[in-house]
Amino acid sequence: DHAGNLDTFATMYDPVMNPYSPDRLTLMTDLREAIRRNELSLHLQPQRHLESGLVSGFEALVRWPHGRRGPIPPDEFIPVAERTGLIRPLTRWVLDEALRFCERLNEVDDSLTVSINISAVNLRDPEFIRDVLNLLDAHRMAATRLKLEVTETAAMEEPLRSLAVLSELRDHGISLSIDDFGTGHSSLSYLRRLPVDEIKIDRSFVMYMDANEGDATIVRATVNLCHDLGYQVVAEGVETQSVLDQLTAMGCDGAQGYYLSAPLPEDQLLEWLEQHHRGKQLLHQKTRRAT
Ligand code: C2E
Ligand code: MG
Ligand code: MG
Ligand code: MG
């Protein structure tokens, strides 16, 4: 059904895109076809709650295994999707897949959350809120299990409109996180007005914080500031045990990164969860129910 909108969207949008750039045009055409033929896939990366050591949820990251060119990274095709309007069916597809996966997860743990990345374009789409609510409904999923990640830069585009859309989503129980925090130019006074639950510290500050005192200082200060403002804090790009230890000592709430697990296809992720966390998680659920 969402494929129906593709032609209109792809041709209507983007006065800036150079129509003579054959590379970009091919990428756009290929992406449109890939969405239509259901050739995209979703990888999921676990997030760990640091105090309990338990998995708290997953971030969904889109993958495009391009037939001729091999895998194309999202940093390359997401901007094209944003400029051509293809981001709308793409986000809808990601959300649908992520919620379907979440339904499957219910057998393991029905409290795990799923985060998806959304673009500024989605926040300007008048049908976005309705799409999200319809998909939650279709998958019989509680809104509280869905987190939407938006970069601070995206949230700063058309701030009033973003504020309105994010507030309405939040009123429905959906959680919001600010992604790549520290890399944009958002003002804290504006951010503070957004109905945000969680801040994700960009991996550039986290990856080498065990070797770089400046980075460690930035992360510590961000954790404290965000806590004072009432936000949960998740660190991205955790690649070593020593960074994980440091974050735990700082009181950071959550962690995500290769050290815990790379983003994995659905079946591999369920295996990973089985091996690393299922016993612990079930035990924890039992204790929770007993108390
Ligand atoms: P992001 O949302 O900040 O996602 C985190 C990125 O860091 C992912 O890259 C992930 O694979 C990578 N990563 C995770 N752990 C580590 C680590 O320990 N070290 C390092 N160096 N990297 C790590 P990926 O999957 O290539 O995605 C890049 C960006 O593309 C995402 O950044 C997000 O902004 C965008 N993106 C991905 N999927 C979607 C999507 O479905 N919709 C939209 N709108 N954007 C997406
Ligand atoms: Mg993200
Ligand atoms: Mg990020
Ligand atoms: Mg990013």
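Here is what the cut-offs are and how they apply
- Residues numbered from 1 in each chain as written.
- Chains lettered and ligands numbered in written order.
- Predicted model: local features only at pLDDT ≥ 70, side-chain atom pairs only at ≥ 80, totals over all residues.
- Heavy atoms only, no water.
- Helix = DSSP H or I, 4+ residues; strand = E, 2+ residues; numbered from the N terminus.
- Buried < 20%, exposed > 50% of the residue type's maximum accessible area, 1.4 Å probe, protein only.
- Contact = heavy atoms within 4.5 Å.
- Areas by Shrake-Rupley, 256 points an atom, 1.4 Å probe, with all protein chains shown as cover.
- Patch = residues over 30% accessible without salt bridge, like charges linked within 9 Å, V, L, I, M, F, W, Y side chains within 5 Å.
- Salt bridge = Lys/Arg side-chain N within 4 Å of Asp/Glu carboxyl O.
- Phe/Tyr/Trp six-rings, centres within 6.5 Å; stacked < 30°, edge-to-face > 60°.
- Donors = N, O, S within 2.8 Å, 3.2 Å for Na, K, Ca; no water.
- Near = heavy atom within 4 Å.
- Polar contact = N/O pair within 3.5 Å; in protein donor to acceptor, adjacent residues only side chain to side chain.
- Nonpolar A, V, L, I, M, F, W, Y, C, P; charged D, E, K, R; others polar.
- Pairing = 2+ DSSP bridges.

Looking now at the overall build of the protein chain. Check the secondary structure of the protein chain and you find 13 helices and 10 strands. When the 291 residues of the protein chain are sorted by exposure, 52% land in the buried category. Summarising the internal contacts of the protein chain: among those between residues at least 6 apart in sequence, 69% fall at separations of at least 24. When the accessible surface of the protein chain is summed, it comes to about 14000 Å², and 51% of that surface belongs to carbon and sulfur atoms.

Attention now moves to a nonpolar patch on the surface. Among the surface-exposed residues, Leu-188, Leu-225 and Leu-229 lie close enough to one another that they form a single nonpolar patch of about 210 Å² accessible area. Examined against the element boundaries, Leu-188 turns out to sit in helix α9 (residues 188-191).

Even without being glycine, Arg-140 reaches a positive phi, approximately 45°. With respect to the element layout, Arg-140 can be found in the loop between α6 (128-138) and β5 (146-151). Despite not being glycine, Asp-180 has its phi angle at roughly 55°, a positive value. By the element assignment, Asp-180 lies in strand β6 (residues 175-181).

It is worth spelling out the packing of aromatic side chains at this point. Per the stated rule, a full pass over the model turns up two aromatic pairs. Centre to centre, the rings of Phe-58 and Phe-101 are 5.8 Å apart; their planes meet at 85°, and the pair counts as edge-to-face. Of this pair, Phe-58 sits in strand β2 (residues 55-66) while Phe-101 sits in helix α4 (residues 87-105), and the two are 43 residues apart along the sequence. On the basis of an interplanar angle of 85° and a centroid distance of 5.3 Å, the ring pair of Trp-64 and Phe-77 is categorised as edge-to-face. Here Trp-64 is found in strand β2, whereas its partner Phe-77 is found in helix α3 (residues 74-84), with 13 residues between them in sequence.

For the rest of this paragraph, the subject is the coordination of the magnesium ion (ligand 3). Donor atoms from the polypeptide that bind the magnesium ion (ligand 3) are Asp-179 (OD), Asp-180 (OD), Glu-236 (OE) and Glu-236 (OE), placed at 2.0 to 2.4 Å. In the primary structure, the donors to the magnesium ion (ligand 3) are separated according to the pattern D-D-x55-E. A distance of 4.1 Å spans the gap from the magnesium ion (ligand 3) to the magnesium ion (ligand 2), which Asp-179 bridges by coordinating each metal. For Asp-179, a relative accessible area of 6% corresponds to the buried category.

Let us look at the site of ligand 1. Inspection of the region around ligand 1 gives 24 residues, with Arg-63, Asp-179, Arg-203, Glu-239 and Tyr-258 positioned closest. Between ligand 1 and Gln-45, the relevant distance is 3.0 Å, taken from a nitrogen atom to a side-chain nitrogen or oxygen of the residue. Contacts to ligand 1 include Tyr-258, whose backbone N or O atom sits 2.8 Å from an oxygen atom. Taken by itself ligand 1 offers 800 Å² of open surface, and the protein chains cover 87% of this. Put simply, the parts of the chain that give the shell around ligand 1 at least two residues each are β2, α3, α4 and β6. The greatest single-element share of the shell around ligand 1, amounting to four residues, is contributed by β2. Its residues placed into classes, the shell around ligand 1 shows 10 nonpolar, five polar and nine charged.

Here strand β7 (residues 198-201) pairs with strand β8 (residues 232-235) via four bridges, running parallel. Residue pairing in the sheet places Ile-199 in a bridge with Val-233 of β8. Pairing between β8 and strand β9 (residues 254-255): two bridges, direction parallel. Among the inter-strand pairings, Ala-235 is bridged to a residue of β9, identified as Ala-255.

Across all of its chains, the model carries 21 salt bridges by this definition. The partner of Arg-130 in a salt bridge is Glu-127, and the shortest N-O contact between them spans 3.6 Å. When its relative accessible area of 47% is taken as the criterion, Arg-130 is described as partly exposed. Overall, the relative accessible area of 32% leaves Glu-127 in the partly exposed class.

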